[in-house]
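Commentary on secondary and tertiary structure
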Amino acid sequence: MPPLLSVKAMTHYFGGLCAVKNYNLTIKPGQIIGLIGPNGAGKTTIFNLITGVHTPTEGTIELEGRDIVGMKTHKIASLGLGRTFQNLLLWRHMNVLDHVRIAHYSQLKYGLFGAFFGSPRRKSQEAEIEENSHRLMKLFNIDQFADQTVVNLPYGAQRRVEMARAMATRPKILFLDEPTAGMTPDELVHMVKIIRQVHEDFGVAIFLIEHRMKFVMELCEYVQTLVFGEIIAEGPPEEIQHNPDVIEAYLGKEDLT
Amino acid sequence: METITKFKSIFYGVPMAGWLLGAFTAVMLEYFLGDPISYLFDLPKIPVLFGALFVLKHPLMIPSIIGYDIVIYILPILLVAKITAPLTNALASVLEKTPLWLSTIIHLCLFYGIIDTWSGINDYRLLVVKLTMISIILTVSLNVINGYQGEFSCSHPGFMALGAYASSTITLLFFANDKIFGAALLPAAWGPWAFPFAIIAGGAVAAIGSLVVAIPSFRTRGDYLAIISLAFMFIVKSAIENMEIIGGPRGMSSQPNYASLPVVFFWTIVCIWTIHNFVTSVMGKTLNAVRDNEPAADSMTVNTRKTKMTAFMFGAFWAGVAGGLFAHVLRYVNPSTFGLQKLAEILAMVYFGGLNSIYGSIVGAVSINVLGEALRPLELFKWIVIPLILILVMIFRPYGLISFTEINMKKMLRPKNK
Ligand SMILES: Nc1ncnc2c1ncn2[C@@H]1O[C@H](COP(=O)(O)OP(=O)(O)OP(=O)(O)O)[C@@H](O)[C@H]1O
Ligand SMILES: [Mg+2]
């Protein structure tokens, strides 16, 4: 099968700081890939480079064979890269339903005329969008918060709003930046279940950054380890878990379990 | 406090139709019996703005004014609303089963009847009502940019000027004999039919003019809009002052009398309707997304630049329409109208009424306008009282009186007896 996403020899400098060095990645349809590494290793930067927030200094990025380097973020997103953010970028005055509705933007079939005068096409499409939004909110267990302002939600629910919103863009690959950060053990178990279900229901490929090794072990079929912007080891999780370099660099002398 | 709540609870069962019927009775009463009743209270004539202006000049007449207001407005409204409640509720139930647009139009017709009768008493009232409606257009449209989209634009007076001059040029050139353009080119009878096009042309010129602000401001992220838009306002003003062909600093006058009450009312309703449609659509909600977090909006496929440009041009269009109506209501414009004072007024109405709310903008525009008229005898002190009120609102309600609330027609018009 041809790869969904292929990143080759990507390097990025912030001024003099080399944040990512000669990075390569291939994601095939339906894969779940993990990216681990200590704080400040450059994991989020890799997400930002692929999703077009920053343009890499060097390297190529292809989505389904199409070069996306230098493309606008919203364009890349509408081509099938959905994402969540490590530090929760929600729209603070808006309720949960609107979050999910807005993420349907690139699928809108009506124009400005429809928006101003309320054309029948707009009405029928917005009804569809609303229905789909409720389906997604149910899946992520946030349906009960639908008309609540998002800042009033518990932290775990806010993370799930971000995921529901990302799924509403109909991604081919879902990028999750530390989806379990700050979650309780119960919520963590729930999150594993949700991610599995999303993966099965939508057949979406997933690329996730995570600190908790247990979580990575359970979900990913392939793991990359990033240290100071460079991949020091990659392979199936069992291998990575026992790789001495990874243990050394990533967690000091502790065993990765 | 308790008595007030009790008193209010008597009227919970009154639907919108009931209040409108009550108000209609009151204005009819004033229309036919206003003069004798005002003489009864020792008033020289029907008080123009509920007596607010009169009271400031003659404080001793306060009891008379209160008596008049109670007899003409308060009692009839409350009594009729309460007594007819079973009837109006039945009517509301019937209307609830019809399409929402039909029931909305019926209510609007009744509402129009009220303001038409009320403003029929004298020309001053008519002028206040028209100017208030124009303010509503200005406020709601600026709320799209400053509230829904969270920018800070200062160029609304500039857009208004563009609209006023563009539409005046059309009507003067084709349908009026005036000093600048000479004799009319087309028969004057066609004028009223062409007026909507002149107004739309005014809006379009303003929308195109807004690109001068929008293109440089939205090219990069950052807060240049406030400064660029302020500069734009001054540039428009001095450009007009220096163009003798459109009257220079003396302005344009003798616009034909096309902006009648129904015309202004019509445009106000269309403005509120389209803006409401826009900001409640998924496409329009992206304005809020851009305001609350632009990178997140970007990552959720929203074309943020297009969104900002659209909203800005849309807001400018309506400011242009408001300008066109303004010019034809006063039948005279000059560039000095469209300066800092106008800007301050519009901004005050937006921030007083409430951000991100059409409902709030309507309340803001009406209250600041009526307050401004009522305090007119205070002259300069008016500009101390209004800012003070504004500061108080900002302290206790940072987003304005009624913020983040959308109009819900269905809820507003439904029967209240269940
Ligand atoms: N926009 C930016 N400008 C300059 N430097 C940046 C920028 N973004 C990130 N960096 C730097 O790049 C390096 C990698 O940061 P990044 O956020 O990608 O790390 P991370 O692996 O996601 O870490 P964490 O686990 O803390 O999230 C850091 O040294 C950071 O300071
Ligand atoms: Mg990070």
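Presented here is an overview of the structure given in this document.

1. Quick notes on the pairing of strand 1 (residues 5–14) of chain A
The side chains of a regular strand alternate between both faces of the sheet. Residue and element names in this part refer to chain A. By the bridge criterion, 7 bridges tie strand 1 to strand 2 (residues 17–27) in an arrangement that is antiparallel. Bridge pairing in strand 2 links His 12 to Val 20. The turn linking strand 1 back onto strand 2 is made up of 2 residues, and Gly 15 within it adopts a positive phi angle of 60°. The pairing of strand 1 with strand 4 (residues 58–63) spans 5 bridges and is classified as antiparallel. Within strand 4, the position partnered with Lys 8 by the bridge is Thr 60.

2. With respect to the interface of chain A and chain B
Between chain A and chain B, the residue contacts involve 32 residues of the former and 30 residues of the latter. When chain A packs against chain B, the two sides together hide about 2,800 Å² of surface, and 69% of this comes from carbon and sulfur. The largest per-residue losses of area from chain A upon contact with chain B belong to His 93, Tyr 105 and Phe 116 of chain A, which jointly make up 26% of the total buried on that side. Of the charged contacts, one joins Lys 285 of chain B and Asp 98 of chain A as a salt bridge, the two residues approaching to 3.1 Å between their closest N and O atoms. Within the residue set of the side of chain A that touches chain B, elements represented by two or more residues are helix 2 (73–78), helix 3 (96–102), helix 4 (112–117), helix 5 (120–139) and helix 6 (155–168) of chain A. Among the residues making up the side of chain A that touches chain B, the classes are represented as 17 nonpolar, 8 polar and 7 charged.

3. Description of the sheet that holds strand 1 of chain A
Within a sheet, neighbouring strands are paired by backbone hydrogen bonds and run either parallel or antiparallel to one another. All names here are of chain A. Pairing is antiparallel in the open sheet, where 4 strands are placed in the order 2-1-4-5. Edge strands, defined here as strands with exactly one partner in the open sheet, are strand 2 and strand 5 (66–67). Relative to strand 1, helix 1 (residues 43–50) is tilted by about 115°, and along the sheet it contacts strand 1, strand 2 and strand 4.

4. Considering the site of ligand 1
Residue and element names in this part refer to chain A. Lining the immediate environment of ligand 1, one finds 13 residues, of which Gly 40, Lys 43, Thr 44, Thr 45 and Gln 86 sit closest. At a separation of 2.9 Å, an oxygen atom of ligand 1 approaches a polar backbone atom of Gly 42. Within the side chain of Thr 45, one N or O atom sits 2.5 Å away from an oxygen atom of ligand 1. Counting residues per element, the shell around ligand 1 draws most heavily on helix 1, which supplies 3 residues.

Definitions and cut-offs
- Residues numbered from 1 in each chain as written.
- Chains lettered and ligands numbered in written order.
- Predicted model: local features only at pLDDT ≥ 70, side-chain atom pairs only at ≥ 80, totals over all residues.
- Heavy atoms only, no water.
- Pairing = 2+ DSSP bridges.
- Helix = DSSP H or I, 4+ residues; strand = E, 2+ residues; numbered from the N terminus.
- Contact = heavy atoms within 4.5 Å.
- Buried area = accessible area lost by both parts, 1.4 Å probe.
- Salt bridge = Lys/Arg side-chain N within 4 Å of Asp/Glu carboxyl O.
- Nonpolar A, V, L, I, M, F, W, Y, C, P; charged D, E, K, R; others polar.
- Axes fitted to C-alpha atoms, helices over the stretch in contact; angles between N-to-C directions.
- Near = heavy atom within 4 Å.
- Polar contact = N/O pair within 3.5 Å; in protein donor to acceptor, adjacent residues only side chain to side chain.

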